[in-house]
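What follows is each chain in one-letter form.
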Amino acid sequence: MRMLTPLLLASARRGLSCLGRAVGAGILTVLLAWEPCPALGETLVLKQGEVRTLPLLQTRARLPLQMEMLYLGMVEERFLSYARANNWETISSDREDPRWSRWQLRPGGEALYLPASFSSKEDSPIYARGFYVQAYFVGGRLAGMHLIRNPEEPGFNLTALQRLIRAWFPDNRLMLYYQVLPEDPDQQVLGAYLGTIPPPYLADIRRNRVPFCQTFLSPTSPQPIIPPSVDVPPHCLGTTAVNSGTGPYAAQKETAALR
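Residues numbered from 1 in each chain as written. Predicted model: local features only at pLDDT ≥ 70, side-chain atom pairs only at ≥ 80, totals over all residues. Heavy atoms only, no water.

1. A short note on the pairing of strand β1 (residues 89-97)
And then number 1: In the sheet, β1 pairs with strand β2 (residues 100-106) via 6 bridges, with the strands oriented antiparallel. What sits directly across from Asp-97, in β2, is Trp-100.
And then number 2: Where β1 hands over to β2, the hairpin turn is made up of 2 residues, counted between the paired strands. (Pairing = 2+ DSSP bridges. Helix = DSSP H or I, 4+ residues; strand = E, 2+ residues; numbered from the N terminus.)

Following this line, the structure appears as structure tokens:
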């Protein structure tokens, strides 16, 4: 009996040790598999629709993407990037000299809006189409543009052309030179140019012998300004009467009568 007692104690110790390890492993397993459950009070809140959660991380709102506008002095590659983004078709390009280059393109018809400072009557978009564009660069920067009517598309009258130039160049003050036939009451524009035409390309604007008229466009003035000139062609005097129903031909006759 005395011999059995130590053996029983040793077996009991080994049993307790195994039991302790088993219990410990079970507790560890429970801890690893445990997921926090909401308390009863929180469950009631959930049922009432009053979920309490941490606030979402806020980020600064991004401004909406805005289409880049053209401007005189624009780097050549940036201008070509604008043309690609708006589906302009490249017709030709040439470089007479390292200082001067010319690109001929057909606009892709993008919708343009006038600056917000202008009247609400002109909120509707104007579409960039109806012309071929010759863009001139001096030293790698946009110096001027020549617009030539595309006979395959509807043309522009003077009012539409002025809106297009304002929308294309909202930040530039510029003089717009344009050609209309004296006998055309609708003032359909044959051609126009703005900015500076480099010397190697001056022949581009001399092909049509119709005299050029002038109008000055400013970002701060909703109305175009006709600059005073002693040798302005008579039919140019009717440019401010487009919206009043009187055409350039009527103004030309009135001017002739005054003479």
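2. Structural notes on the state of the cysteines
And then number 1: All chains considered together, the criterion is met by 1 disulfide.
And then number 2: The disulfide that involves Cys-213 links it to Cys-236, with 1.7 Å between the sulfurs. Because the sign of the S-S torsion sets the handedness, a value of about -75° for the bond joining Cys-213 and Cys-236 places this disulfide among the left-handed ones. With a gap of 23 residues between them, Cys-213 in strand β9 (residues 213-217) and Cys-236 in the loop between β9 and α5 (248-258) connect regions that are remote in the sequence. With respect to class, Cys-213 is no different from Cys-236; both count as buried. (Disulfide = S-S within 2.5 Å. Buried < 20%, exposed > 50% of the residue type's maximum accessible area, 1.4 Å probe, protein only.)

3. Things to note about the nonpolar core
And then number 1: With 39 residues, the main nonpolar core has Phe-79, Met-145, Leu-147, Leu-161, Ile-165, Trp-168 and Phe-169 as its most contacted residues.
And then number 2: Secondary structure elements with two or more residues in this core: α3 (76-85), β2, β5 (131-138), β6 (141-149), α4 (158-168), β7 (174-180), β8 (189-195) and β9.
And then number 3: Here the element with the most residues in this core is α4; it accounts for 7 residues.
And then number 4: What Trp-168 contacts, discounting residues up to four positions off in sequence, is Met-69, Leu-70, Tyr-82, Trp-88, Pro-107, Glu-110, Leu-112, Ala-128, Val-133, Met-145 and Leu-147.
And then number 5: With 6 residues, the next largest nonpolar core counts Trp-100, Tyr-136, Tyr-201 and Ile-205 among its residues. (Core = buried A, V, L, I, M, F, W, Y, C linked by side-chain atoms within 4.5 Å. Contact = heavy atoms within 4.5 Å.)

4. Let's talk about the packing of aromatic side chains
For any pair of aromatic rings, the description rests on two quantities: the centre-to-centre distance and the angle between the ring planes.
And then number 1: Under the counting rule described, the total for this entry stands at 8 aromatic pairs.
And then number 2: For the pair Tyr-82 and Trp-88, a centre-to-centre distance of 5.9 Å together with 80° between the ring planes defines the contact as edge-to-face.
And then number 3: Exposure remark for Trp-88: the relative accessible area of 8% places this residue in the buried category.
And then number 4: Summarising the aromatic geometry, the rings of Tyr-177 and Tyr-193 are spaced 4.7 Å apart at their centres and angled 10° between planes, so their arrangement reads as stacked. Taken together, the residues Tyr-177 in strand β7 and Tyr-193 in strand β8 connect sequence positions 16 residues apart.
And then number 5: When its relative accessible area of 14% is taken as the criterion, Tyr-193 is described as buried.
And then number 6: The structure contains a cluster of three or more aromatic residues connected by ring pairs, namely Phe-79, Tyr-82, Trp-88, Phe-137 and Trp-168.
And then number 7: Its end group placed over the ring of Trp-100, Arg-99 keeps NZ or CZ at 4.2 Å from the ring centre. (Phe/Tyr/Trp six-rings, centres within 6.5 Å; stacked < 30°, edge-to-face > 60°. Lys NZ or Arg CZ within 6 Å of the ring centre and 35° of its normal.)

5. Quick look at α4
Each α-helix turn comprises 3.6 residues. Residues three or four places apart therefore point the same way.
And then number 1: Burial of α4 is extensive: 10 of the 11 residues sit out of reach of the surface.
And then number 2: Along α4, the residues that are buried comprise Leu-158, Ala-160, Leu-161, Gln-162, Arg-163, Leu-164, Ile-165, Arg-166, Ala-167 and Trp-168.
And then number 3: Here α4 starts with a cap whose side-chain oxygen sits 3.3 Å from the backbone nitrogen of Thr-159, and that cap is Asn-157. (Polar contact = N/O pair within 3.5 Å; in protein donor to acceptor, adjacent residues only side chain to side chain.)

6. Observations concerning the confidence of the model for the protein
And then number 1: Taken over all residues, the pLDDT of the protein has a mean of 75, while the share at 70 or more is 62%.
And then number 2: In this model, residues 38-44 is a region of pLDDT below 50 whose contacts with residues beyond four sequence positions or in other chains number 1 contact.
And then number 3: Below pLDDT 50 for its whole length, residues 58-65 participates in 0 contacts with residues either more than four positions away or in separate chains. (pLDDT = per-residue confidence, 0-100.)

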